[in-house]
Amino acid sequence: MPHLVAPSLLSADFADLKSAVQLVDQSPAPWLHLDVMDGVFVPNISFGLPVIKAIRPHTRKVFDVHLMIVAPEKFIDAFSDAGADRLTVHYEACTHLHRTVQAIRAAGMKPGVAINPHTPVAALADIITDIDLVCVMSVNPGFGGQKFIPHTYRKLAELRALREERGSSALIEVDGGVGLENARELAGSGADVLVAGNSVFNAVDPAQAIRALGA
Ligand code: DX5
Ligand code: ZN
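Residues numbered from 1 in each chain as written. Chains lettered and ligands numbered in written order. Predicted model: local features only at pLDDT ≥ 70, side-chain atom pairs only at ≥ 80, totals over all residues. Heavy atoms only, no water.

## Here's the deal with the pattern of salt bridges
One pass over the structure, following the stated rule, counts six salt bridges. Across the pair arginine 56 and aspartate 85 runs a salt bridge whose closest N-O atoms are separated by 3.1 Å. On the criterion of sequence distance, the pair formed by arginine 56 in the loop between helix H2 (49–55) and strand S3 (62–68) and aspartate 85 in the loop between helix H3 (76–82) and strand S4 (86–90) is long-range, its members being 29 residues apart. Note on arginine 56: relative accessible area 19%, which makes it buried. Across the salt bridge formed by arginine 166 and aspartate 126, the nearest N and O atoms sit 3.4 Å from each other. With arginine 166 in helix H5 (residues 152–166) and aspartate 126 in the loop between strand S5 (110–115) and strand S6 (133–137), this pair connects stretches of sequence that are 40 residues apart. (Salt bridge = Lys/Arg side-chain N within 4 Å of Asp/Glu carboxyl O. Helix = DSSP H or I, 4+ residues; strand = E, 2+ residues; numbered from the N terminus. Buried < 20%, exposed > 50% of the residue type's maximum accessible area, 1.4 Å probe, protein only.)

This is the structure we're talking about:
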């Protein structure tokens with residue numbers, strides 16, 4: 001399968017979100033990646049439910065919501081109501097991950113699980129058949145524009161092997177430090193979805209950057 005590009009709104013101009021959403025809407029990127037941060041799970045606060053709800057009418061692209069929050073199970077129905085299509089929670093934030101994943105699916109969204117750079121792929125062995133996406137964090141979550149962590153490539157190989165061994169069809173998403181310099185190699189290493197914030201919204205021509213990342 002050719003890889004998808006999911007531009008991350010985190011690096012857009014927050015004073016002009018409508019334009020950023022429209023830019024993605026008119027691009028070939030099928031997903032819009034939305035990073036929700038609570039200042040507890042990660043040392044930063046981004047945006048939340050009201051913003052997602054406000055931008056929802058401006059595009060039909062898939063809303064790929066990445067929750068970097070503690071106790072995400074409290075907000076599953078709220079994110080569904082706000083317009084999330086896919087909801088990804090952190091392995092490190094969920095004591096009852098299996099229950100949370102089932103609840104996300106029951107709410108009509110596709111569940112995903114994100115793993116921080118220090119979390120081994122093996123931790124997903126007993127959840128990978130229950131989810132639609134694994135998000136491999138290739139930076140420590142919390143900020144856009146950070147440097148890509150190279151051990152991600154090894155994790156991608158391990159994840160492909162685990163997916164095969166368990167008979168899972170979960171998509172593999174790479175999030176953090178993705179740009180033109182590594183997009184092709186990541187896709188060749190098995191990434192199905194490339195999240196890109198800084199390399200899209202801080203590019204001279206963001207629409208062209210999206211096209212180039214997908215090539
Ligand atoms: C980081 C977020 C990412 C972020 C990626 O915590 O999860 O989605 O927007 O930003 P870049 O592409 O700038 O590394
Ligand atoms: Zn993200």
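## A word on the coordination of the zinc ion (ligand 2)
Protein coordination of the zinc ion (ligand 2) is provided by His33 (NE2), Asp35 (OD), His66 (ND1) and Asp175 (OD), with donor distances spanning 2.0 to 2.2 Å. Coordination at the zinc ion (ligand 2) is octahedral: its six donor atoms span angles of 71 to 171° at the metal. Coordination of the zinc ion (ligand 2) draws on donor residues from a single chain, spaced H-x1-D-x30-H-x108-D in sequence. Aspartate 35 shares its class with histidine 33; the two are buried. (Donors = N, O, S within 2.8 Å, 3.2 Å for Na, K, Ca; no water. Tetrahedral: all angles 85-135°; square planar, octahedral: opposite > 155°, others 65-115°.)

## Regarding helix H4 (residues 97–106)
Residues Leu97, Thr100, Val101 and Ile104 constitute the buried set of H4. The arc that holds every buried residue of H4, seen down its axis, measures 100°, which confines them to one face. Of the residues in H4, the exposed ones pointing more than 90 degrees away from the buried face are Arg99 and Ala106. Where the residues of H4 are buried, they touch H3, S4 and S5. Of the residues trailing H4, glycine 108 is marked for its positive phi of about 95°. (Arc of directions from axis to C-beta. Contact = heavy atoms within 4.5 Å.)

## Topic: the sheet that holds strand S8 (residues 193–196)
The strands making up a sheet associate through backbone hydrogen bonding, with each pair oriented either parallel or antiparallel. Read from one edge to the other, the open sheet built from eight strands follows the order S1-S8-S7-S6-S5-S4-S3-S2, with strand pairing classed as parallel. For this open sheet the edge positions go to strand S1 (4–7) and strand S2 (31–37), each flanked by a neighbour on one side alone. In this sheet, adjacent strand axes meet at a mean angle of 25° when their direction is disregarded. One ladder, built from seven bridges, connects S2 with S3; its direction is parallel. Opposite aspartate 35, over in S3, you have histidine 66 as the bridge partner. This element, H5, spans S5, S6 and strand S7 (171–175) of the sheet and lies at about 165° to S7. Sheet strands in contact with helix H8 (residues 206–214) are S1 and S8, and its direction is about 145° off that of S1. (Pairing = 2+ DSSP bridges. Axes fitted to C-alpha atoms, helices over the stretch in contact; angles between N-to-C directions.)

## So, the nonpolar core
Ranked by size, the top nonpolar core spans 57 residues in total, and within it Leu9, Leu34, Ile52, Val65 and Leu87 carry the most contacts. When residues in this core are grouped by element, the largest group, four residues, is from helix H1 (residues 17–25). With near-sequence residues (within four places) excluded, leucine 34 lies in contact with Leu9, Phe47, Ile52, Ile55, Phe63, Asp64, Val65 and His66. Core analysis: the second largest hydrophobic core is formed by eleven residues, Leu4, Trp31, Val139 and Val193 among them. (Core = buried A, V, L, I, M, F, W, Y, C linked by side-chain atoms within 4.5 Å.)

## Focus on the packing of aromatic side chains
Taken as a whole, this structure holds two aromatic pairs when the rule is applied. Ring geometry for phenylalanine 14 and phenylalanine 47: centres 5.8 Å apart, planes at 70°, overall edge-to-face. Pair noted here: phenylalanine 14 is in the loop between S1 and H1 and phenylalanine 47 is in the loop between S2 and H2, with a separation of 33 residues, a long-range link. The exposure class assigned to phenylalanine 14 is partly exposed, which follows from its relative accessible area of 42%. Since its relative accessible area comes to 9%, phenylalanine 47 is described here as buried. A cation over an aromatic ring shows up here: arginine 56 above the ring of phenylalanine 63, its NZ or CZ 3.6 Å from the ring centre. (Phe/Tyr/Trp six-rings, centres within 6.5 Å; stacked < 30°, edge-to-face > 60°. Lys NZ or Arg CZ within 6 Å of the ring centre and 35° of its normal.)

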